[in-house]
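An overview of the molecular structure
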Amino acid sequence: MKIYLIRHSMTEGNLKKRYIGRTDEDLCQEGIELLKEKMGEHAGNQGKTCGYPPVQAVFVSPMRRCIQTAETIYPGQKYTIVELLKECDFGLFENRNYLELSDCPEYQEWIDSGGMLPFPEGESREVFIRRTLKGFREVLDQCRNQKLESAALVVHGGTIMSIMEQYACLENGRPSGSYYDYQVGNGEGYELRITESDMDDYCSGSRICAGSDPGRSQVAVSSGEADRSSDYRNGKNYQKLFAQN
């Protein structure tokens, strides 16, 4: 099964580098244009989706920025809202940026902790990760029950980081990285290969990396054929949808 983890496009809060979690913003005009660019509309493709892969099912966070992103890149396709896939609640930091928090002692403590402390009056990273992984497993259950081979999750940056930390791996099932290693830009994301054995492993409660059979992990999407061949050799079970410039 191929699972595409796509971060929503830009909002006004994203442009201003604010912590946007529970704040329910629309996409800004820059965010809409960004999606059009990634879809290839500015390249004369007459609105055809080329940057995002076709999928059999779409799952979204309930936040407007995710719903609008999904409706843009998968127009006319039905989607399922999954409440557990919402972004982290940033508590006191919500809808504020680092400049606005510069005099906040709780913010400095959080920075000094390397982002490990819970957000004051918000969620801890542990609670957030546990919640989003539960939502992801519910999605996997639905996909498995419907015998789907592909699905897209249009969600948040933090949600993607939670899932990737748990499921991304290199050759021989070794974990690929930690939470903050999987940050992606707006409109970007990853493709994961989930195998049947992975599904059995998560049902039994063991800590897994998805797609741990490297011989079947050729998963690049929008990169070139040379990149896909390289990923296959390296045994990765994931690939970025859009490479950073």
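Quick summary incoming for the structure in this document. Residue numbers run consecutively from 1 along every chain, following the written order of its sequence. Under the rules for a predicted model, residues below a pLDDT of 70 receive no local features and side-chain atom pairs below 80 are neither given nor counted, while totals for whole chains, interfaces and linings still include all residues. Water and hydrogen atoms were dropped before computing side-chain values, which therefore reflect all heavy atoms in the structure.

**Looking at the environment of Ile20**
Filter applied, for reference: Under the scheme used here, helices are H or I runs from DSSP no shorter than 4 residues and strands are E runs no shorter than 2 residues, and both carry numbers assigned from the N terminus. Partly exposed residues are those whose accessible area sits between 20% and 50% of the maximum for their type, while under 20% is buried and over 50% is exposed, using a 1.4 Å probe and protein chains only.
Counting through the fold element by element, Ile20 comes out in the loop between helix H1 (12-15) and helix H2 (29-39). Residue Ile20 is classed as buried on the basis of its relative accessible area of 7%. In the structure, Ile20 is positioned 69 residues away from Asp89 in sequence and 8.3 Å away in space, judged by C-alpha atoms.

**Some thoughts on H2**
Quick reminder of the rule: As used here, the arc belongs to the directions running from the helix axis to the C-beta atoms. Two residues qualify as a contact provided that any one of their heavy atoms is within 4.5 Å of a heavy atom in the partner residue.
Among the residues of H2, those classed as buried are Gly31, Leu34, Leu35, Lys38 and Met39. Down the axis of H2, the buried side of the element spans an arc of 130°, and every buried residue falls inside it. Each element contacted by the buried residues of H2 is listed here: helix H3 (64-73). Looking at the residues trailing H2, positive phi occurs at Gly40, about 90°.

**Brief notes about the nonpolar core**
As a reminder of what qualifies: Here, the term nonpolar core denotes a set of buried Ala, Val, Leu, Ile, Met, Phe, Trp, Tyr and Cys residues that are joined through side-chain atoms within 4.5 Å.
Ranked by internal contacts, the top residues of the largest apolar core, which has 40 residues, are Ile3, Leu5, Phe93, Leu153, Met164 and Leu192. Those elements giving two or more residues to this core turn out to be strand E1 (2-7), helix H4 (105-112), helix H5 (125-145), strand E4 (150-155), helix H6 (157-167) and strand E5 (189-193). Considering each element in turn, this core owes the most residues, seven residues, to H5. Setting aside residues no more than four positions away along its own chain, Phe93 makes contact with Tyr19, Leu101, Cys104, Glu106, Tyr107, Trp110, Phe119 and Pro120. The next biggest cluster of nonpolar side chains, apart from the first, holds 18 residues, and it includes Tyr4, Leu27, Met39 and Tyr74.

**Things to note about the pattern of salt bridges**
Note that side chains of opposite charge can pair when their charged atoms are close. Here is the rule we go by: By convention in these notes, a salt bridge is any Lys or Arg side-chain nitrogen within 4 Å of a carboxyl oxygen on Asp or Glu.
A complete count under the given rule lists nine salt bridges for this structure. As a salt-bridge pair, Glu100 and Arg18 come within 2.7 Å of each other at their nearest N and O atoms. Of this pair, Glu100 sits in the loop between strand E3 (79-81) and H4 while Arg18 sits in the loop between H1 and H2, placing them 82 residues apart in sequence. Its relative accessible area of 36% is what places Glu100 among the partly exposed residues. Among the charged side chains, a salt-bridge network with shared partners connects Asp24, Asp26 and Arg64.

**Overview of the packing of aromatic side chains**
What counts, and what does not: Any two of the Phe, Tyr and Trp rings considered here, Trp counted by its six-membered ring, make a pair once their centres fall within 6.5 Å; the pair's planes then place it as stacked at under 30 degrees, edge-to-face at over 60, or tilted in between.
Evaluated as defined, the whole model comprises 15 aromatic pairs. Ring plane angle 85° and centroid distance 6.3 Å describe the contact between Tyr182 and Tyr238, whose orientation is recorded as edge-to-face. Linking Tyr182 in the loop between H6 and E5 with Tyr238 in strand E6 (residues 238-240), this pair joins segments that are 56 residues apart in sequence. Judged by its relative accessible area of 10%, Tyr238 is buried. Between Tyr190 and Tyr238, the aromatic rings sit 6.0 Å apart at their centres with planes inclined by 65°, giving edge-to-face as the arrangement. Within this pair, whereas Tyr190 is found in strand E5, its partner Tyr238 is found in strand E6, the two being separated by 48 residues in sequence.

**A closer look at the pairing of E5**
So the rule is basically this: Pairing between strands is defined by DSSP: at least two bridges between the two strands are required.
The element E5 is largely enclosed, with a buried count of five among its five residues. Direction of pairing for E1 relative to E5: antiparallel, over a ladder of five bridges. What sits directly across from Ile6, in E5, is Gly189. When E5 meets E6, the two strands line up antiparallel, connected through three bridges. In the sheet register, Leu192 faces E6, and the bridge partner there is Tyr238.

**Quick word on the layout of surface pockets**
With a probe scaled to a water molecule rolled over the atoms, the places where space remains empty come into view. As a reminder of what qualifies: Grid points spaced at 1 Å and placed over the protein atoms alone form the basis of the search, with a cavity being a set where a 1.4 Å probe fits but cannot get out and a pocket an open set showing protein on both sides within 12 Å along at least five of seven lines. Lining residues have an atom within 4 Å of a point. Grid points are joined across faces, edges and corners, and a volume is the space filled by probe spheres set on the points. Polar here means any residue outside two lists: the nonpolar Ala, Val, Leu, Ile, Met, Phe, Trp, Tyr, Cys and Pro, and the charged Asp, Glu, Lys and Arg; Gly therefore counts as polar.
Counted as a void, the largest pocket has a volume near 820 Å³. What lines the largest pocket is a set of 29 residues, and nearest its centre among them are Arg7, Tyr19, Phe90, Met161 and Gln183. Sorting elements by how many residues they give to the lining of the largest pocket places H6 first, with three residues. For the lining of the largest pocket, the residue count by class is 15 nonpolar, nine polar and five charged.

**Some points on the side chain of His156**
By the element assignment, His156 lies in the loop between E4 and H6. Classification of His156 by relative accessible area gives buried; the value is 0%. Not counting residues within four places of it along the chain, the set of residues in contact with His156 comprises Arg7, His8, Ser61, Met63, Arg65, Cys66, Leu85, Lys86 and Glu87.

This is a description of form; function is not addressed.
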